[in-house]
Every structure is written in C-alpha cells, then in structure tokens.
Amino acid sequence: MIMTLTMFVGISFLLLSLGSQRLLSYLEQKPQVIAFFNDTVTSADQIKEVVEKIITTNPSVTTKFISKEEALKIYQERNKADPLLLELVTANTLPASLEVSAKSVADLPAIYEILKNTANVEDVSYQKDVVNTLISVLDKIRKGGLALIIFLVTTALFTILTIIGMKISLRKDEIEVEKLVGASSGFVRGPFLLEGFFYGFFGAVVSWTIIYGIILVVTPHLLPFLGGLAILPVSPVFMLEVLGASVLAGGIVGVIGSFLAVWRYLKN
Amino acid sequence: MIKFENVSKKFPDGTVALEDLTLEINDGEFVFLVGPSGAGKTTILKLILREILPNSGTILVDEHDLKKISGGKVVQLRRKIGCVFQDLKLLPDRSILENVALSLWVLGKNAREVEAESKEKLELVGLAGKGDFFPAQLSGGELQRAAIARALAGNPKYLLADEPTGNVDDENGWKIVKILEKINEDGTTVVMATHNPEFVDKLHKRVVRLKDGKIISDRRGKYRE
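This one's a predicted model, so the numbers in the text were calculated from it and none came from an experiment.

Criteria and cut-off values
Residues numbered from 1 in each chain as written. Chains lettered and ligands numbered in written order. Predicted model: local features only at pLDDT ≥ 70, side-chain atom pairs only at ≥ 80, totals over all residues. Heavy atoms only, no water. Pairing = 2+ DSSP bridges. Helix = DSSP H or I, 4+ residues; strand = E, 2+ residues; numbered from the N terminus. Axes fitted to C-alpha atoms, helices over the stretch in contact; angles between N-to-C directions. Contact = heavy atoms within 4.5 Å. Core = buried A, V, L, I, M, F, W, Y, C linked by side-chain atoms within 4.5 Å. Buried < 20%, exposed > 50% of the residue type's maximum accessible area, 1.4 Å probe, protein only. Domains from an automatic or database assignment. pLDDT = per-residue confidence, 0-100. Buried area = accessible area lost by both parts, 1.4 Å probe. Salt bridge = Lys/Arg side-chain N within 4 Å of Asp/Glu carboxyl O. Polar contact = N/O pair within 3.5 Å; in protein donor to acceptor, adjacent residues only side chain to side chain. Nonpolar A, V, L, I, M, F, W, Y, C, P; charged D, E, K, R; others polar. Expected span 1.5 Å × (residues − 1). Arc of directions from axis to C-beta.

Caption draft 1: Molecular detail of the sheet that holds strand β4 (residues 121-126) of chain A. All names here are of chain A. Pairing in this open sheet of 4 strands is antiparallel, and the strands run β2-β3-β1-β4 from one edge to the other. Both edges of this open sheet fall to β2 (62-66) and β4, since each of them pairs with a single strand only. Across this sheet, the average inter-strand angle for adjacent strands is 15 degrees, counted without regard to direction. Against the sheet, helix α5 (residues 108-116) touches β1 (33-37), β3 (97-101) and β4, its axis set at about 165 degrees to β4.

Caption draft 2: Geometry of the nonpolar core. Residue and element names in this part refer to chain B. One finds Phe32, Ile148 and Leu180 to be the most contacted residues of the largest nonpolar core, which totals 39 residues. Residue assignment for this core shows that the elements contributing at least two residues are β3 (30-34), α3 (96-105), α4 (111-124), α5 (140-152), β7 (158-162), α6 (170-185), β8 (189-194) and α7 (197-203). With 7 residues, α5 is the largest single contributor of residues to this core. The residue makeup of this core includes at least three contributed by each of domain 1 (1-80 + 157-225) and domain 2 (88-155). When near neighbours in sequence (up to four residues on either side) are disregarded, isoleucine 148 contacts Val84, Val125, Ile176, Ile179, Leu180 and Ile183. Within the second largest apolar cluster, 32 residues are counted, among which are Leu21, Val31, Ile44 and Ile81.

Caption draft 3: Just the confidence of the model for chain B, in detail. Residues with a pLDDT of 70 or more make up 100% of chain B, whose mean pLDDT is 92. Overall fold confidence for the complex sits at a pTM of 0.69, while the interface term, ipTM, reaches 0.89.

Caption draft 4: Expanded view of the pairing of strand β2 (residues 16-25) of chain B. All names here are of chain B. Looking at chain direction, strand β1 (residues 2-10) and β2 are connected through 6 bridges and run antiparallel. Bridge pairing in β2 places lysine 9 opposite leucine 18. Counted along the chain from β1 to the antiparallel partner β2, the turn is 5 residues long, and its residue glycine 14 has a positive phi close to 100 degrees.

Caption draft 5: Focus on the interface of chain B and chain A. The interface is formed by 14 residues belonging to chain B together with 12 residues belonging to chain A. Carbon and sulfur atoms supply 67% of the area buried between chain B and chain A, which totals about 1,200 Å² over both sides. At the boundary of chain B and chain A, one finds 2 salt bridges. For the pair chain B and chain A, the number of links is 4 residue pairs in polar contact (both at pLDDT 80 or more). Those elements that provide at least two residues to the side of chain B that touches chain A are α2 (72-80) and α3 of chain B. The residue inventory of the side of chain B that touches chain A, partitioned by class, reads 7 nonpolar, 1 polar and 6 charged.

Caption draft 6: Examining the pattern of salt bridges more closely. Applying the stated rule across the entire model yields 21 salt bridges over all chains. Between Arg171(A) and Glu178(A) there is a salt bridge, and its shortest N-O distance comes to 3.8 Å. Classification of Arg171(A) by relative accessible area gives partly exposed; the value is 26%. According to the relative accessible area criterion, Glu178(A) is buried, its value standing at 4%. The shortest N-O distance in the salt bridge between Lys130(B) and Glu142(B) comes to 2.6 Å. Taken as a pair, Lys130(B) in the loop between α4 and α5 and Glu142(B) in helix α5 lie far apart in primary sequence, 12 residues in all. For Lys130(B), a relative accessible area of 26% translates into the label partly exposed. Salt bridges linked by common partners bring Asp27(B), Asp62(B), Glu63(B), Lys80(B) and Lys157(B) together as one network.

Caption draft 7: Highlighting α4(B). All names here are of chain B. Counted at 1.5 Å a residue, the expected span for α4 with its 14 residues is 20 Å, and the 20 Å between its end C-alpha atoms agrees. Considered for burial, the residues of α4 that qualify are Val114, Glu117, Ser118, Lys121 and Leu122. Down the axis, α4 shows its buried residues gathered within 140 degrees of arc, on one side only. Opposite the packed face of α4, turned more than 90 degrees from it, sit the exposed residues Arg112 and Glu123. Looking at the buried side of α4, the elements it contacts are α3 and α5.

Dropping the structure here:
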C-alpha cells in the first residue's frame, strides 16, 4: 500500500515535471516575439532592415517572415476540420508577421523594443511572462515533488524494513535450520530481497496503471485546450518507458528496504 | 577427519563445557560420545558443526580450521555434515518430505532430484509412506527417523547424532541405531552422543567417555568397562 502510494506520487510528479519541461521547451522553441505588420508589408525584403538590426543586437536569434499567404496556409491547416472558419478567412484578412526566437528569455525585452518601434508594425506578441511563470511553476513542482518523494520513499523504506523484519522473526526457526544444513547466505536472504523487490514492482505497476487510466480518461477533455502544446495525447511508448523506470525505481526501493531488514535482523 | 587439539569451551554464564580436550576421529569411524548430562557431548557436536566456537584450542574438520573460517567456508563445512539435533528442529508447518527436501534445496538441486532423493532417504529410514505427514502426526521414533533422513539428505561425509534414541522406546531406539550402523557401513563417519548403555554395548564401537568436559576413557567396547 505504502509502495503504491509512494510510486503513485512519484510517477505523478515525474509526469508533471516532464510535461511542464516539455511545455517549456515547446514555448522556448516557439517564436517568442511575434511582430504583426500592417497590410503594406507583403514581402521579407520590406523588413530587411529591422531583421538586420535584431540580428546585430542578438546574433543568436533566428527570424522567420510569414507572409499573408503562408499565414493563410497555417490557418487552413489548423482549422481544416471547420469549413465555416475556412470560408470566412482569406489571405488579405491575415497579417504578415515576423517570428523571432531567442535562445534565452533574457534577450526578449530588447527584441520586443526594437520591433515595437519599427514602422508598419501593428502589434507585438510577447511570451516572456508565460515562460517565466512556467519556469517558476516547474521549479516549485520539482522542489515540492522531490520533498514529498523523499518523505514517502523514507516511509516506504521503513515500512518494508518492518514488514520484512517481522517475517524474518516469524521464520527464525526455519532460517536457523537452513543455516545449519548448509544454506548459503544468498539462499537465506534471497527470498526476502525478492519479496522487497516485488513490493516495489507491484506498487509501481498498480500506480502506473491508475495514472495511465486517469490520463486516458482525461485526455479527450483536455485536448481542446492543450492539443497544440505537444503534451497530449501522451505517447504509449513514452508511458511504457515511464513504466519501465517506475518498476526499476520501485524495485530498487523495495530491495533497499528488505536489504536493510536482512542486514539488521540476519547479521549472523 | 575431525581433530580437536586442546580445546576448551566456557559459556558466558561461567559453565566450563570442555577443558583442554584432545580428540581425533578418523574417516569412516563410528564413535559414541557417552557420559552424564553436562559432560560436554552436545558441546562437541555443536563445535564440529561450528554452531559455537571454542575459547581456546584448534578444531579441524578436513581442511577447515573452524576458528579461522567464515562465510562461504562455513557453508562448505556444513554441507559435509548431517546433524540429528537433540530437539530435532523439524519444521512443524512442513511435511516430512519437505523437511527432508530442505537439506537438498540448499544444495541447489533441481525439483526432480530433490523429490527423488528425499523419498529415497525416507525409504532408508522406514518412512516411505509418511512423506506427506506433518511432524505433529508422527510418533517420537518416527520423528527421530525423519530427522535422520534430513541429516542424510545430500549424502554428507559426517553424521552427528545428538541423543537420537533419547525419547523413544527400546524397539524404536534399536531401529535408529541399526540405521546409523548401516549408514556407517556405507562409508559415513558417525558421531553419536548418547547416555543409553544398551545400544553402545551391542554395537561394540569406539566409545569416548566424557565427564565434566574431559575425556576419561577412549576405547573400543562397552559403555562402562
């Protein structure tokens, strides 16, 4: 039970942490500053000057000009399931834009300033706050999760130590006979270590099953909100990797717990 | 070969169990350790099995110096020795067959070998049909024989028997002694602690008489001569 709870919390925080990390990477890869031009801008040549200015200030940035036609293509791709929306929009409706990606969030304010003061720019979209908030949330998730996992792993270790310790006491006579008839240390200790491993193993499998079940159930409801963020739907291969890692981690915790019990109660 | 050289054993409560004892038992011998309670018979057997260590002196069992070995060497030593304990140490929640099998599982034998050899040993001690019985379902004599069967599993080089006829009637006691004699004839060294003169006298084997942790006589023959 305690192993299941520990693994449940462990896997949950692992997934939350990985999900947030992925979301952050996604946002960092995405254009972090987007300048939308008015209708007078139709080709990349018209904004050459500002692009050069940005690159001079921040050599590490990448820029991409999206013309009205390209914007329409992107729009059509995103809304291909909704013919009504497709009918309403033409290339003229959409503005041309310049997407600027910086390697560091710290470079964003300068780029923002340059674009904002550029002629023919109607609006500048700026993701600094989103990224900063996400970094802060991710940090809290990691720290809180780590503290909770350390607490639960310690509890699980002591629980396993106690359970295996009790079993060793109950099988004292049998262990004594085994030793006297020539049982090796591995023969006597092996079953207890294996038992500890199985506690961890089953804790991990049960928790993983519950969590994956929850993810599968909620995914259809969350897709409309998070679909574009490359988190959902969760890949089955990724979940299998999580299962493998959880089983390994649970097994190690179980074996360490029972090893401590064996070490404590079967010294001689 | 089992060799005790000037061995002394004193327990923490101050009891002197053995005092400067020197004894040599050759391979293939049948040796009775006789003497009153507290003479040191059980202590000798426990020392051979390395359940306890001497305070001084040297004990050799084949190449093993029992004071110097540990870990895997102790395992090797114990696999050479079968022991019928005074309190039998049969596990009450296991069948007789499972009790015998335990000695074979520890040797790493497979299930088929374990079952075949366990049955063979039970047959040897006359318990062929009682493998599925639990210790609580057997008589005193049968329990002793079951303990002998377990001690013999794995064909040990040495068999130690601590009062194997202690709690049984003469008829059953005699059966047990005959089994031990047969095992000895097949090549196993047998060391039997007893205070029953009748069986000792009939077998006419080497008799080591102990009193207060010392050997007072060591000769072939009868319990008292």
